[in-house]
Amino acid sequence: MRIRLNGEEYITGDVKSVEDLLKELKIHSERVAVEVNLKIISKSDYRIFILKDGDTVEVVSFVGGGGYGRQVYYTGNRV
Amino acid sequence: MEDRFIIRGIEFKSRLWVGTGKYRDFEETARAIEESGTDVVTVAVRRINILDRKSPNLLDYIDPKRYKILPNTAGCYTVEDALRYSRLAREAGVSDMVKLEVIGDDKTLFPDVCGLLKATEILAKEGFIVFPYTNDDPIIAKRLVDAGAAAVMPLGAPIGSGLGIRNPYNIKIILETVDTPVIVDAGVGTASDSAIAMELGCDAALINTGIAGAEDPVAMAGAMKHAVIAGRLAYKAGRIPKKLYATASSPLKGMLL
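Residues numbered from 1 in each chain as written. Chains lettered and ligands numbered in written order. Predicted model: local features only at pLDDT ≥ 70, side-chain atom pairs only at ≥ 80, totals over all residues. Heavy atoms only, no water.

(A) A look at the overall build of chain B. Looking only at helices and strands, chain B has 9 helices and 10 strands in total. At 20 Å, chain B has a C-alpha radius of gyration in line with the 18 Å of a compact globule built from 257 residues. Oriented by its inertia axes, the alpha-carbon framework of chain B measures out at about 85 × 40 × 35 Å. Put simply, chain B has 257 residues, and 52% of those count as buried. Within chain B, contacts between residues separated by at least 24 positions form 66% of all contacts whose residues are at least 6 apart in sequence. Just so you have it, chain B exposes about 12500 Å², and 53% of that area is on carbon and sulfur atoms. Chain B carries 32 positive and 33 negative side-chain charges, and their two centres are separated by 3 Å. (Helix = DSSP H or I, 4+ residues; strand = E, 2+ residues; numbered from the N terminus. Rg over C-alpha atoms; globule rule 2.2 N^0.38 Å. Buried < 20%, exposed > 50% of the residue type's maximum accessible area, 1.4 Å probe, protein only. Contact = heavy atoms within 4.5 Å. Areas by Shrake-Rupley, 256 points an atom, 1.4 Å probe, with all protein chains shown as cover. Lys, Arg positive; Asp, Glu negative; His and termini not counted. Charge placed at Lys NZ, Arg CZ, Asp CG, Glu CD.)

So this is what it looks like as structure tokens:
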């Protein structure tokens, strides 16, 4: 199955549900959120939500951040 | 005397909140956070790196059992994006809290307060504990609280600018205008800036660049910790009024003629 995953083309193996996809990607579902075609899938539905060819899937998690706009690189007094 | 800090039933042990962006690496992040004594760290929501699953994860270094994780909507320029990121953050399962940012402009990173107000209203109705990052404008602060914000986070100065508390009088008016906690967010450049915020009566200060951008972030984290505590103590103690002329502090009685 061909899906769009985090902005990239991705061809899955034997994947039916969101749970299968996370397993294939070796992602623990604990601190991630999954969105399929702009709809957030709740964790309790990972097993029953069936993916289909052409779906747009986003898998997000937390990264370091304080409060700033688009990626701003620090250019101050540290080299 | 006890000086507890509670928002919507959540007790915060520290009045210094720390952002986790812009550090050299996760190890430095973890050491700075430890040194700061905080129990609240902000994080951003981003795509997982699918190709490199072995790359370390921030939450491997910051234990969510020990720290309250406050997701932000940094990088969101529209109400729709801010809502999307907030909902994803909640689904990722850390908490209902969100530090809501709707940025209005690339250069200043000032908040788009119209969008912010709209997003606050929607998210509050969905049960989020909303902490909007806002301008130092008392009227907007009041509107945000009316829309359901759990606290307001006025900027001291533009994000990452280190210019300090540019308008202490507005911050003071915000404190007198809203009945929620007020947390200064952005602009704090060094320890005295955070002390000023706290002396004004702010309930807490959120600092990222002021710590992460210092030459020695871990040492600065310690300095900020003490400054926030000192500022809070000074506020509670009640400072002396400012006067133009001197008042002798030693008795005149008993002086040699």
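Structure's up, so let's keep going.
(B) Quick peek at helix H3 (residues 79-91) of chain B. Across its 13 residues, H3(B) extends 18 Å between first and last C-alpha, which sits within 8% of the 18 Å expected from 1.5 Å per residue. Just beyond H3(B), the residue with positive phi is B:Gly93, at close to 90 degrees. (Expected span 1.5 Å × (residues − 1).)

(C) Molecular detail of the packing of helix H4 (residues 113-125) of chain B against helix H5 (residues 138-146) of chain B. All names here are of chain B. Running from amino to carboxyl end, H4 crosses H5 at an angle of 20 degrees, the nearest separation of the two axes being 9 Å. Judged by the inter-axis angle, H4 sits roughly parallel to H5. Considering the relative orientation of H4 and H5, their crossing is right-handed. Between H4 and H5, the residues in contact are Val113, Leu116, Leu117 and Thr120 and Ile140, Arg143 and Leu144, respectively. (Axes fitted to C-alpha atoms, helices over the stretch in contact; angles between N-to-C directions. Parallel < 35°, antiparallel > 145°, perpendicular 65-115°, else oblique. Left-handed = near helix turned anticlockwise from the far one by under 90°.)

(D) Local environment of unusual backbone geometry. At A:Asn6, a residue that is not glycine, the phi angle is positive and equals roughly 45 degrees. The phi dihedral of B:Ala186 falls on the positive side, at around 90 degrees, and the residue is not glycine. Relative to the assigned elements, B:Ala186 resides in the loop between strand E9 (183-185) and helix H7 (191-200).

(E) The arrangement of the packing of H3(B) against H4(B) in detail. All names here are of chain B. The N-to-C vectors of H3 and H4 enclose an angle of 35 degrees; their axes lie 9 Å apart at closest approach. Our pair here, H3 against H4, has a crossing hand that is right-handed. Contacts between H3 and H4 pair Val79, Leu83, Ser86 and Arg87 from the former with Gly115, Lys118, Ala119, Ile122 and Leu123 from the latter. Looking at the contact of H3 with H4 residue by residue, the class counts come to 5 nonpolar, 2 polar and 2 charged. (Nonpolar A, V, L, I, M, F, W, Y, C, P; charged D, E, K, R; others polar.)

(F) Local environment of H4(B). Residues and elements named next belong to chain B. Taking 1.5 Å of rise per residue, 13 residues should cover 18 Å, and H4 covers 18 Å from first to last C-alpha, within 8% of that figure. Elements in contact with the buried residues of H4: H3, strand E6 (97-100), strand E7 (129-134) and H5. At the C-terminal side of H4, glycine 127 shows a positive phi close to 90 degrees.

(G) Here's a closer look at the pattern of salt bridges. Residues and elements named next belong to chain B. On inspection of all chains with the given rule, the structure shows 20 salt bridges over all chains. Where lysine 68 meets aspartate 39, a salt bridge forms, and the shortest distance between an N and an O atom there is 2.9 Å. Placement of lysine 68 in strand E5 (residues 68-72) and of aspartate 39 in the loop between helix H1 (26-36) and strand E4 (40-47) is noted, with a sequence separation of 29 residues between them. The exposure class assigned to aspartate 39 is buried, which follows from its relative accessible area of 7%. The partner of lysine 99 in a salt bridge is glutamate 101, and the shortest N-O contact between them spans 2.8 Å. The same class applies to lysine 99 and to glutamate 101, which are both buried. Within the structure, one salt-bridge network assembled from shared partners comprises Asp3, Arg15, Arg232 and Lys236. (Salt bridge = Lys/Arg side-chain N within 4 Å of Asp/Glu carboxyl O.)

(H) Molecular detail of the pairing of E6(B). Residue and element names in this part refer to chain B. Neither face of E6 is left uncovered, since the one carrying Met97 and Lys99 and the one carrying Val98 and Leu100 both have all their residues buried. Taken together, the 4 bridges between E6 and E7 define a ladder with parallel strand orientation. Bridge pairing links methionine 97 to isoleucine 129 in E7. Note that the unit made of E6, H4 and E7 has a crossover that is right-handed. (Pairing = 2+ DSSP bridges. Right-handed = clockwise from strand over helix to strand, strands pointing away.)

(I) How the structure looks around the nonpolar core. Within the largest apolar cluster, 60 residues are counted, with the highest numbers of intra-cluster contacts made by B:Val152 and B:Ile211. Counting 19 residues, the second largest nonpolar core, distinct from the first, contains A:Leu5, A:Leu22, A:Ile41 and A:Val57. (Core = buried A, V, L, I, M, F, W, Y, C linked by side-chain atoms within 4.5 Å.)

(J) Structural context of the packing of aromatic side chains. Residues and elements named next belong to chain B. Summed over all chains, the structure comprises 5 aromatic pairs over all chains. Centroid distance phenylalanine 12 to tryptophan 17: 4.9 Å. Interplanar angle 40 degrees. Geometry classified as tilted. You can call phenylalanine 12 buried: its relative accessible area is 3%. Measuring from ring centre to ring centre gives 5.4 Å for phenylalanine 26 and tyrosine 61, while their planes differ by 40 degrees; the resulting arrangement is tilted. Linking phenylalanine 26 in helix H1 with tyrosine 61 in helix H2 (residues 58-61), this pair joins segments that are 35 residues apart in sequence. Tyrosine 61 gets classed as partly exposed once you look at its relative accessible area, which sits at 37%. Each residue in the set Phe5, Phe12, Trp17 and Phe131 is aromatic and connected to the rest through ring pairs, giving one cluster. (Phe/Tyr/Trp six-rings, centres within 6.5 Å; stacked < 30°, edge-to-face > 60°.)

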